[in-house]
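# Observations on the three-dimensional arrangement
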Amino acid sequence: MAFTYIDKRLHCDGVDLHDVAGKYGTPAYIYSEQILRRNADVLKNVFVERGFKVSYAMKANANPTILNLFKNKGLGVDIVSEGELRMAEHCGFKGPEINFAGVGKSIKELDLALEFKIDHFNVESRFELEQLEERAKNAGKKASVLLRLNPDIDPQTHPHISTGLKQNKFGMSPEKVRHFLTHTEMYPHIRFDGIHCHIGSQIVQPQPFYDLIDYLEEFTSTLRSEGVEFKHIDLGGGFGVNYNDPFEDILETTPFLESIAERAKEKLRDYQLHIQPGRVLVANAGILLTRVLGNKENGDHHFVIVDGATTDLIRPALYDAYHSVYSYQNDRPTHVADVVGPVCESSDALARNREIPEFAKDELMIIGSAGAYASSMGSTYNLRPLSPEILVGISGETQLIRDRQSFDEMISLYQ
Ligand SMILES: Cc1ncc(COP(=O)(O)O)c(C=O)c1O
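Residues numbered from 1 in each chain as written. Predicted model: local features only at pLDDT ≥ 70, side-chain atom pairs only at ≥ 80, totals over all residues. Heavy atoms only, no water.

## Re the sheet that holds strand S2 (residues 9–12)
- Pairing within the open sheet is antiparallel, and its three strands lie in the order S1-S2-S3. Across the chains shown, the open sheet's two edge strands, defined by having one partner strand only, are strand S1 (3–6) and strand S3 (15–16).
- Taken together, the two bridges between S2 and S3 define a ladder with antiparallel strand orientation. Residue pairing across strands places cysteine 12 opposite valine 15, the latter belonging to S3. (Pairing = 2+ DSSP bridges. Helix = DSSP H or I, 4+ residues; strand = E, 2+ residues; numbered from the N terminus.)

Structure, rendered in structure tokens:
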């Protein structure tokens, strides 16, 4: 059922969003458990069934209820910070279900991860390798490492979410990766178990993934000819979703995912393959529910001001990202307007120059695709409390899965 209009009113899995707003207030994130489960099932069918290990990149949405749901589906987690490690531990993920990525890890983070016996570290630089060697030696352990390769492949996405070009800060050049793999004796407390790549996010064409797979086929065969062997290849995440139609079923995306899985299986058949998807699992399972504070004109420019803001959804300001806008009742004439929040920044916009329904004061507005990189990128700028997260369960009950931050809690941090 998912997000659908019933009698011209928007519902989530049969639950009227007007009732949700009445019960929990706005702004609020609403997630569909049905869609979250379905997304996880599709990834399992496409990737796990073909022998891949799938680790959810929890930076996309680190709500523990969602993490538990994916854990129960058998997915692991890809983490990038101490906070994410602690949250994974809190949710009951075991060490072998966790891998630690990220361009810089502190000594404390390395020590904690070693203590927790995580599966492996994705390492992106010499300084990190040396640091990990020292910490592993100190702990009397041998750390499993996948070296992050920067293959200089254009993911054909927004420059701010492209990570596999050589001008990006991520990964290491093929020459460096080769150097480390041929000098493993320099790091006796590290086990070089493989290679990791993540070329970018919101990739909607298969070609960049094909390019990556073909590149890795050649790179690994060169390494093999030099006697370098390892078992694991992690292709990262980055699978895009349809932001134009967030209510589209994930089955529309399945052939895209299948084509990538098939190509990888064919070309990299000798390796244990991994992926670390974030967005594709959660983006279109969520919406941001906001209320219209009012309308205003500046010259011939029309603004709809809502109570949600870049503090709830920074992607439009950060990446010029497109998020669709819906009215709660879908029988409206439309006009061109900007949807903006109350935050004191000109960049505080959720949609610009957009043909949207005409909204009256106090009406509900729905911003689509707010399940990924929305709440997890939330901030308290202007001392706005973090917005609550609500899960609409399989049997149509609503559950508050993160409370609205209280002003007392915000103020107490300063004391
Ligand atoms: C190393 C790594 N893996 C996985 C992901 C998840 O990407 P996505 O949400 O696009 O699938 C990211 C996102 O930034 C990342 O940096």
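We are not done yet, so read on.
## A short note on the domain arrangement of the protein
- Looking at the protein, the domain boundaries give domain 1 (3–30 + 284–412) and domain 2 (33–278).
- In this structure, domain 1 and domain 2 have C-alpha centres spaced 32 Å apart.
- Of the residues lining the interface, 28 residues belong to domain 1; the matching set on domain 2 comes to 23 residues.
- Across the domain 1 to domain 2 interface the summed buried area is about 2,400 Å²; carbon plus sulfur atoms make up 57%.
- The largest per-residue losses of area from domain 1 upon contact with domain 2 belong to Asn284, Tyr319 and Ile394, which jointly make up 24% of the total buried on that side.
- Taken together, the links from domain 1 to domain 2 amount to zero salt bridges.
- Across the domain 1-domain 2 interface, the total number found is ten residue pairs in polar contact (both at pLDDT 80 or more).
- Of all the elements in the fold, those that place two or more residues in the side of domain 1 that touches domain 2 are helix H11 (315–319), strand S19 (389–392) and strand S20 (398–402).
- Residues belonging to the side of domain 1 that touches domain 2 are distributed by class as follows: 14 nonpolar, nine polar and five charged. (Domains from an automatic or database assignment. Contact = heavy atoms within 4.5 Å. Buried area = accessible area lost by both parts, 1.4 Å probe. Salt bridge = Lys/Arg side-chain N within 4 Å of Asp/Glu carboxyl O. Polar contact = N/O pair within 3.5 Å; in protein donor to acceptor, adjacent residues only side chain to side chain. Nonpolar A, V, L, I, M, F, W, Y, C, P; charged D, E, K, R; others polar.)

## A few points about the side chain of glutamate 109
- Topologically, glutamate 109 is positioned in helix H5 (residues 107–115).
- Despite its burial, glutamate 109 remains without a salt bridge, the nearest opposite charge being carried by lysine 105 at 7.7 Å. (Buried < 20%, exposed > 50% of the residue type's maximum accessible area, 1.4 Å probe, protein only. Lys, Arg positive; Asp, Glu negative; His and termini not counted.)

## Description of the pattern of salt bridges
- According to the stated counting rule, one finds 24 salt bridges in the structure shown.
- A salt bridge links aspartate 214 to lysine 267, with the shortest nitrogen-to-oxygen separation between them at 3.8 Å. Taken together, the residues span a long stretch of sequence, with aspartate 214 in helix H8 (residues 207–225) and lysine 267 in helix H9 (residues 254–267) at a distance of 53 residues.
- According to the relative accessible area criterion, aspartate 214 is partly exposed, its value standing at 24%.
- For lysine 267, a relative accessible area of 25% corresponds to the partly exposed category.
- Sharing partners across several salt bridges, the network here consists of Asp214, Glu217, Arg263 and Lys267.

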